[in-house]
Amino acid sequence: LEGSHPNFRVFLSSDPSKAIPIGILERCIKLTSDPPSGLKANLKTAFCAFSKDLYEEMEPRTKGIMFGLCHFHAIMLERKKFGAKGFNMMYPFSTGDLLNSSSVLQNYMENAPSKVPWQDLRYLFGEIMYG
């Protein structure tokens, strides 16, 4: 444009909007960041949400349950693509849901008996956290 500095750059981050003029969008370079697709990619993303130190500090039975929780989270994300067949109502599960579930798991397992309380965990995560 006439009168503008040759090194002038603008970086915008936005949700899709009709308020952004088409002329600006046509002259821009657009980048998108899509979440990974597929169960394997979702599982990797979920498991990588936890630091290695945090995982290593867990007792062995909690580590296995944590992996199962990450797998369950990945399945819940993958089922969203089926729309009404996957859920009655769309809910945007996020890493925050997984991290909160992890905190619940760790707190619960600190006081759990030596036998893993599967029924309790199934109810906590399947009905309350992701229900």
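In the block above lies the structure referred to throughout.
Basis of the calculations
Residues numbered from 1 in each chain as written. Predicted model: local features only at pLDDT ≥ 70, side-chain atom pairs only at ≥ 80, totals over all residues. Heavy atoms only, no water. Helix = DSSP H or I, 4+ residues; strand = E, 2+ residues; numbered from the N terminus. Contact = heavy atoms within 4.5 Å. Areas by Shrake-Rupley, 256 points an atom, 1.4 Å probe, with all protein chains shown as cover. Buried < 20%, exposed > 50% of the residue type's maximum accessible area, 1.4 Å probe, protein only. Arc of directions from axis to C-beta. Phe/Tyr/Trp six-rings, centres within 6.5 Å; stacked < 30°, edge-to-face > 60°. Axes fitted to C-alpha atoms, helices over the stretch in contact; angles between N-to-C directions. Parallel < 35°, antiparallel > 145°, perpendicular 65-115°, else oblique. Left-handed = near helix turned anticlockwise from the far one by under 90°. Nonpolar A, V, L, I, M, F, W, Y, C, P; charged D, E, K, R; others polar. Core = buried A, V, L, I, M, F, W, Y, C linked by side-chain atoms within 4.5 Å.

## Side note on the overall build of the protein
- Along its length, the protein carries six helices and zero strands.
- A fraction of 60% describes how many contacts in the protein between residues 6 or more apart in sequence connect residues 24 or more apart.
- Counting only carbon and sulfur atoms, one obtains 58% of the accessible surface of the protein, whose full area is about 10,300 Å².

## Brief notes about helix 6 (residues 118–129)
- Among all positions in helix 6, only Leu-121, Leu-124 and Phe-125 are buried. Relative to the axis of helix 6, the buried residues are bounded by an arc of 75° and lie together on one face. Every exposed residue of helix 6 that faces more than 90 degrees away from the buried side is listed here: Gln-119, Arg-122, Tyr-123 and Glu-127.
- On its buried face, helix 6 sits against helix 4 (60–79) and helix 5 (95–110).

## Quick word on the packing of aromatic side chains
- If you walk through the whole model with that rule in mind, you get four aromatic pairs.
- Where Phe-47 meets Phe-67, the ring centres are 5.7 Å apart and the plane angle is 70°; that geometry is what we call edge-to-face. Within this pair, whereas Phe-47 is found in helix 2 (residues 39–47), its partner Phe-67 is found in helix 4, the two being separated by 20 residues in sequence.
- Note on Phe-67: relative accessible area 39%, which makes it partly exposed.
- Three or more aromatic residues link up through ring pairs in this structure, and these residues are Phe-47, Tyr-55 and Phe-67.

## Here we look at the packing of helix 2 against helix 4
- Relative orientation of the contacting elements helix 2 and helix 4 amounts to 130°, with a least axis distance of 8 Å. Put simply, helix 2 runs oblique to helix 4. Classified by chirality, the crossing of helix 4 by helix 2 is right-handed. In contact with Leu-39, Asn-42, Leu-43, Ala-46 and Phe-47 of helix 2, helix 4 contributes Phe-67, Cys-70, His-71, His-73, Ala-74, Ile-75, Leu-77 and Glu-78.
- Classifying every residue of the contact of helix 2 with helix 4 gives nine nonpolar, three polar and one charged.

## Considering the packing of helix 5 against helix 6
- Running from N to C, helix 5 and helix 6 cross one another at 155°; their axes reach a closest spacing of 11 Å. In terms of axis orientation, helix 5 runs roughly antiparallel to helix 6. Of the two possible hands of crossing, helix 5 and helix 6 adopt the one that is right-handed. Taking contact as the criterion, the partners of Asn-100, Ser-101, Val-104, Leu-105, Tyr-108 and Met-109 in helix 5 are, on helix 6, Asp-120, Leu-121, Leu-124, Phe-125 and Met-129.
- Tallied by class, residues from the contact of helix 5 with helix 6 come to eight nonpolar, two polar and one charged.

## Considerations on the nonpolar core
- Of all hydrophobic cores here, the largest spans 20 residues; its most connected members are Leu-69, Leu-98, Leu-105, Met-109 and Leu-121.
- The set of elements that each furnish at least two residues to this core consists of helix 2, helix 4, helix 5 and helix 6.
- By residue number, the principal contributor to this core is helix 4, which donates six residues.
- Residues contacting Leu-105, with those up to four places away along its chain left out, are Thr-62, Ile-65, Met-66, Leu-69, Leu-121 and Phe-125.

Worth remembering: the numbers are spatial, not functional.
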